[in-house]
Amino acid sequence: QMLFGFLIAIPETIVLGIVKGFMFGIYAFLSWWIILFTGKFPRNMWDHMSNFLFAMTQLNFYLMVLSDQKPSTNFDELGNHPLKLSTTYTEERSRIKLIFGPFFVIPHIIGFMFRGIKAGILMWYAMIVILFTGKFPEGAWNYLFAFQRFQLRLQMFMMHITDEVPENTVKQ
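This one's a predicted model, so the numbers in the text were calculated from it and none came from an experiment.

Draft legend 1. Structural context of the packing of aromatic side chains. On inspection of all chains with the given rule, the structure shows 10 aromatic pairs. Between Phe100 and Phe103, the aromatic rings sit 6.5 Å apart at their centres with planes inclined by 45°, giving tilted as the arrangement. On the criterion of helical spacing, the pair formed by Phe100 and Phe103 is a turn pair, its members being three residues apart in helix α4 (residues 95-104). On the basis of relative accessibility, which here comes to 55%, the residue Phe103 falls in the exposed class. The interplanar angle of 10° and the centroid separation of 5.1 Å between the aromatic rings of Phe112 and Phe147 together place this pair among those described as stacked. Separated by 35 residues along the polypeptide, Phe112 in helix α5 (residues 106-133) and Phe147 in helix α6 (residues 138-158) bring together distant segments of the chain. Residue classification places Phe112 among the partly exposed positions, given a relative accessible area of 21%. Classification of Phe147 as buried rests on a relative accessible area of 5%. What links up through ring pairs into an aromatic cluster is the set Phe29, Trp32, Trp33 and Phe37. In this structure, Arg115 is placed above the aromatic ring of Phe150, and the distance from its NZ or CZ to the ring centre is 5.2 Å. Positioned over the ring face of Tyr143 is Lys118, at 4.3 Å from the centre of the ring.

Draft legend 2. Just the nonpolar core, in detail. Met64, Leu66, Ala119, Leu122, Met123, Tyr143 and Leu144 are the most contacted members of the largest nonpolar core, which has 16 residues in total. Put simply, the parts of the chain that give this core at least two residues each are α3 (43-63), α5 and α6. Per-element tally for this core: the top contributor is α5, with six residues.

Draft legend 3. Highlighting α6. Taking 1.5 Å of rise per residue, 21 residues should cover 30 Å, and α6 covers 30 Å from first to last C-alpha, within 8% of that figure. When we look at burial in α6, the residues that qualify are Ala140, Tyr143, Leu144, Ala146, Phe147, Gln148, Phe150, Gln151, Leu152, Leu154, Met156 and Phe157. The inward-facing, buried residues of α6 contact α3, α4 and α5.

Draft legend 4. Seen up close, the packing of helix α2 (residues 10-38) against α4. As a packed pair, α2 and α4 sit with axes 8 Å apart at the nearest point and diverge in direction by 135°. Taken together, α2 and α4 sit at an angle that is classed as oblique. Of α4, the residues touching α2 (which contributes Trp32, Ile35, Leu36, Phe37 and Thr38) are Arg95, Leu98 and Ile99. Among the residues making up the contact of α2 with α4, the classes are represented as six nonpolar, one polar and one charged.

Draft legend 5. Spotlight on the pattern of salt bridges. Here the structure, examined in full by the defined rule, presents one salt bridge. The shortest N-O distance in the salt bridge between Asp47 and Arg43 comes to 3.0 Å. Pair noted here: Asp47 and Arg43 are both in helix α3, with a separation of four residues, about one helical turn. What makes Arg43 partly exposed here is its relative accessible area of 43%.

The rules behind the values
Residues numbered from 1 in each chain as written. Predicted model: local features only at pLDDT ≥ 70, side-chain atom pairs only at ≥ 80, totals over all residues. Heavy atoms only, no water. Phe/Tyr/Trp six-rings, centres within 6.5 Å; stacked < 30°, edge-to-face > 60°. Helix = DSSP H or I, 4+ residues; strand = E, 2+ residues; numbered from the N terminus. Buried < 20%, exposed > 50% of the residue type's maximum accessible area, 1.4 Å probe, protein only. Lys NZ or Arg CZ within 6 Å of the ring centre and 35° of its normal. Core = buried A, V, L, I, M, F, W, Y, C linked by side-chain atoms within 4.5 Å. Expected span 1.5 Å × (residues − 1). Contact = heavy atoms within 4.5 Å. Axes fitted to C-alpha atoms, helices over the stretch in contact; angles between N-to-C directions. Parallel < 35°, antiparallel > 145°, perpendicular 65-115°, else oblique. Nonpolar A, V, L, I, M, F, W, Y, C, P; charged D, E, K, R; others polar. Salt bridge = Lys/Arg side-chain N within 4 Å of Asp/Glu carboxyl O.

Right under this line is the structure:
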């Protein structure tokens, strides 16, 4: 899985990244306008968008060798994965955070870029260690897991799934 996992995940990447990603983009655009005018996030859009982000996180975990279980493209099967996501739906949304949210997370995005470089280096380091020892280095696994958690929280805020601005840290 470590060496050829990305080949095995090509169908999931195509389905999630292109097909469902296109619908996610449309939902994100529409939800922005709906929240702007009504102050409420429609439940069906919220469900679809949170499921999509969860499925993409499962795919990222698989591609970063953090999980051996292949991700599902069927949103009904997301609960069968060892990775769990817990989010709470709230209908009311802050219009202020909707409009100024991108400005709130500029420092997060800059930090995310540097943390992403470190995560990429650690991922390759971990793959080499796994190749020779058969074990994932604990420190690398903890950092990559925390990095993925931070990425998901940042995406959830940017896509209005939550109004909570994520902490600008990768806590392990």
